[in-house]
Amino acid sequence: QVPLVESGGGLVQAGESLRLSCAASGVTFRFFATAWFRQAPGKEREFVAAISRTGITFYKDSVRGRFTMSRDNDKSTVYLQLNSLKPEDTAVYYCAAGTVMNGRTANEYDYWGQGTQVTVSS
């Protein structure tokens, strides 16, 4: 098991920013692909962003240019900077890690955090 703990969610107004963090205990992210997914009420969990095992970052089209994912291997922490937030970004955000080289689907990832709520009011 790879315990992942997210933090940084909250309630903001449209146009504002948040920074999410996800820390792992006992392992280094250096050997994993890491990703952020989100799940809104009544909807399926969807891919948001990922950093592959080779360090390549890729995004869901609707967040590209607004969200930035980064990773600090020494701290075993990944971040998701959310800028220009919109009400449709409201969801529980989950971080994930896995030995997949890169991936955009939830079932490719082995380890998950508990989620952090992001709520954007209009």
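First things first, this report covers the structure right here in the doc.

Thresholds applied
- Residues numbered from 1 in each chain as written.
- Predicted model: local features only at pLDDT ≥ 70, side-chain atom pairs only at ≥ 80, totals over all residues.
- Heavy atoms only, no water.
- Helix = DSSP H or I, 4+ residues; strand = E, 2+ residues; numbered from the N terminus.
- Polar contact = N/O pair within 3.5 Å; in protein donor to acceptor, adjacent residues only side chain to side chain.
- Phe/Tyr/Trp six-rings, centres within 6.5 Å; stacked < 30°, edge-to-face > 60°.
- Buried < 20%, exposed > 50% of the residue type's maximum accessible area, 1.4 Å probe, protein only.
- Salt bridge = Lys/Arg side-chain N within 4 Å of Asp/Glu carboxyl O.
- Pairing = 2+ DSSP bridges.
- Contact = heavy atoms within 4.5 Å.

1. Observations regarding the environment of Thr105
Next up, step 1: Mapped onto the elements, Thr105 comes out in the loop between β9 (91-98) and β10 (111-112).
Next up, step 2: At 3.0 Å, the side chain of Thr105 forms a polar contact with the side chain of Asn107.
Next up, step 3: Side-chain polar atoms of Thr105 contact the side chain of Glu108, separated by 2.7 Å.

2. A few points about the packing of aromatic side chains
Next up, step 1: Overall, the coordinates contain six aromatic pairs when judged by the stated rule.
Next up, step 2: Taking the centre distance of 6.0 Å and the plane angle of 75 degrees together, the rings of Phe32 and Tyr111 count as edge-to-face. Here the residue Phe32 occupies a position in the loop between β3 (18-24) and β4 (33-39), and Tyr111 occupies one in strand β10, the gap between them amounting to 79 residues.
Next up, step 3: Given a relative accessible area of 12%, Phe32 falls into the buried group.

3. Quick notes on the pattern of salt bridges
Next up, step 1: Under the counting rule described, the total for this entry stands at six salt bridges.
Next up, step 2: The residue Asp89 makes a salt bridge to Arg38 at a minimum N-O spacing of 3.0 Å. Taken together, the residues span a long stretch of sequence, with Asp89 in the loop between β8 (77-82) and β9 and Arg38 in strand β4 at a distance of 51 residues.
Next up, step 3: Take Arg38: its relative accessible area is 5%, and that puts it in the buried class.
Next up, step 4: A salt bridge links Asp61 to Arg64; its shortest N-O distance comes to 3.0 Å.
Next up, step 5: Given the relative accessible area of 46%, Arg64 is considered partly exposed.
Next up, step 6: What emerges from the salt-bridge pattern is a single network uniting Arg38, Glu46, Lys60, Arg66 and Asp89.

4. Section: the pairing of β8
Next up, step 1: For β8, the buried fraction is high: five of the six residues fall into the buried class.
Next up, step 2: Pairing of β3 with β8 involves six bridges; the strand directions are antiparallel. Paired with Cys22 across the two strands is Val78, which belongs to β8.
Next up, step 3: Both strand β7 (residues 67-72) and β8 contribute to a ladder of six bridges, which runs antiparallel. Considered in β8, the bridge of Ser70 is made with Tyr79.
Next up, step 4: Connecting β7 to the next strand, β8, in antiparallel fashion are four residues, including Ser76 with a positive phi near 50 degrees.

5. Points about the environment of Arg66
Next up, step 1: The topology assignment puts Arg66 in the loop between β6 (57-59) and β7.
Next up, step 2: A relative accessible area of 10% places Arg66 in the buried class.
Next up, step 3: In sequence terms Arg66 and Gln117 are 51 residues apart; their C-alpha atoms lie 18 Å from each other.
Next up, step 4: Once residues lying within four places of it in the same chain are set aside, the contact partners of Arg66 are Gln81, Leu82, Asn83, Ser84, Leu85, Lys86 and Asp89.
Next up, step 5: Looking at Arg66, its side chain comes within polar contact range of the main-chain oxygen of Ser84, at 3.0 Å.

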